[in-house]
Amino acid sequence: STCYTYLANGAKWKSTESWVMNAANYSGLNGTGLINTQDAALARWEDAADGTVGSGPGYNIFGNGSATSSALVADTSSPDNQNEVYFANISSPGAIAVTIVWGIFAGPPSGRELVEWDQVYDDVDYDWSLTGATSTMDFDNIATHENGHAAGMDHPDDSCTEETMYRFSDFGETKKRDLNPGDITGINALY
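First, a word on scope: everything that follows refers to the structure included in this document. This structure is a prediction, so every number in the text was calculated from the model and none was measured.

On to the packing of aromatic side chains, then. All told, the structure shown has 11 aromatic pairs when counted by the stated rule. Centre to centre, the rings of tyrosine 166 and phenylalanine 168 are 5.6 Å apart; their planes meet at 65°, and the pair counts as edge-to-face. Taken together, the ring pairs in this structure connect Phe87, Tyr121, Trp128 and Phe139 into an aromatic cluster.

As a further point, take the state of the cysteines. Applying the stated criterion across every chain yields a total of 1 disulfide. What pairs with cysteine 3 in a disulfide is cysteine 160, and their sulfur atoms sit 2.1 Å apart. Between cysteine 3 and cysteine 160 the disulfide shows an S-S torsion of about -90°. By sign, it is left-handed. Placement of cysteine 3 in the segment before strand S1 (5–6) and of cysteine 160 in the loop between strand S9 (153–154) and helix H3 (181–190) is noted, with a sequence separation of 157 residues between them.

Turning to the packing of helix H1 (residues 31–48) against helix H2 (residues 139–151), a few remarks are in order. The interhelical angle for the contact between H1 and H2, taken along N-to-C directions, is 45°, at an axis separation of 9 Å. Here H2 runs oblique to H1, going by the angle between their axes. Here the hand of the crossing between H1 and H2 comes out right-handed. Contacts from Leu34, Thr37, Gln38, Ala41, Leu42, Arg44 and Trp45 in H1 reach Phe139, Asp140, Ala143, Thr144, Asn147 and Gly148 in H2. Its residues placed into classes, the contact of H1 with H2 shows 6 nonpolar, 5 polar and 2 charged.

For H3, every residue scored as buried is listed here: Gly182, Asp183, Ile184, Gly186, Ile187 and Leu190. At its buried positions, H3 is contacted by S1, H1, H2 and S9.

What follows concerns the sheet that holds strand S5 (residues 97–104). As summarised here, the arrangement of the 5 strands in space is S3-S2-S4-S6-S5, forming an open sheet in which the pairing is mixed. The two strands at the open ends of the sheet, each matched to only one other strand, are strand S3 (65–67) and S5. On average, each strand axis in the sheet is inclined to that of its neighbour by 20°, with strand direction left out of account. Across 8 bridges, S5 lies against strand S6 (residues 113–122) in antiparallel orientation. Along S6, the bridge assignment pairs valine 101 with tryptophan 117. Running over the sheet, H1 touches strand S2 (19–22), S3, strand S4 (83–88) and S6 and is turned about 145° from S2. Packing against the sheet, H2 makes contact with S2, S4, S5 and S6, and its axis sits at approximately 155° to S6.

About the thresholds
- Chains are numbered independently. Their residues run from 1 in the order of the written sequence.
- Given that the model is predicted, a residue must reach a pLDDT of at least 70 before its local features are reported, and side-chain atom pairs must reach 80 or more before they are shown or counted; all residues, however, enter totals for whole chains, interfaces and linings.
- Hydrogen atoms and water are omitted, and side-chain values are computed over all heavy atoms in the structure.
- Stacked, tilted and edge-to-face pairs are distinguished by plane angle, under 30 degrees for stacked and over 60 for edge-to-face with tilted covering the rest, among Phe, Tyr and Trp rings (Trp via its six-membered ring) whose centres lie within 6.5 Å.
- A pair of cysteine sulfur atoms is labelled a disulfide when the two atoms are within 2.5 Å.
- Counting from the N terminus, the helices are DSSP H or I runs at least four residues long and the strands are E runs at least two residues long.
- Angles run from 0 to 180 degrees between N-to-C directions of axes, and those axes are lines fitted to C-alpha atoms, restricted for helices to the stretch in contact.
- Under this scheme an angle from 65 to 115 degrees is roughly perpendicular, one under 35 degrees roughly parallel, and one over 145 degrees roughly antiparallel; angles in between are oblique.
- If you view the pair so one helix is near and one far, a crossing is left-handed when the near helix is turned anticlockwise from the far one by less than a right angle, and right-handed when it is turned clockwise.
- Any pair of residues with heavy atoms lying within 4.5 Å of one another is described as a contacting pair.
- Charged means Asp, Glu, Lys or Arg here, nonpolar means Ala, Val, Leu, Ile, Met, Phe, Trp, Tyr, Cys or Pro, and polar covers whatever is left, Gly included.
- Each residue gets one of three labels from its accessible area relative to the maximum for its type: buried under 20%, exposed over 50%, partly exposed in between, using a 1.4 Å probe on protein chains only.
- Strand pairing is assigned whenever DSSP detects at least two bridges linking the two strands.

Here is the structure:
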């Protein structure tokens, strides 16, 4: 197994678009800390896009982020040209977080493109932390995974349990804060 896969072969960002986060949450986490963590999690994918982690941004995939106190709503019927991140109830049982990605996923791979992403982190069914506390979901761990979807990555084969894009997570888990070989190879091949 290659330990990486895409939402659709060739579907990637061809221009950057800013993102906005409403960091209000029931776990009482500091908003600035959440936004900084989200920004760092996005930067990991940008850093790995050239195939070398630690070399700095290989590709500007996500643009700049900003905070908002406005209510955000994930777009499920059509995109609104705003990449949104927030905490709310997710109606899918067992879903820790959801990233909705809009784009052109059919036709020749060279014509495929991502155009919007929205993320919702479930703070009704899960408690969150920034420290990897054992009884909580670690925001950095889950955000790094979800941001992989926003970049165009999908879940690899279930044998790839150490990859950031592996589809399962657990309380207190922090191993997805860093990208693994399959994640790095995949994002590099995409961008």
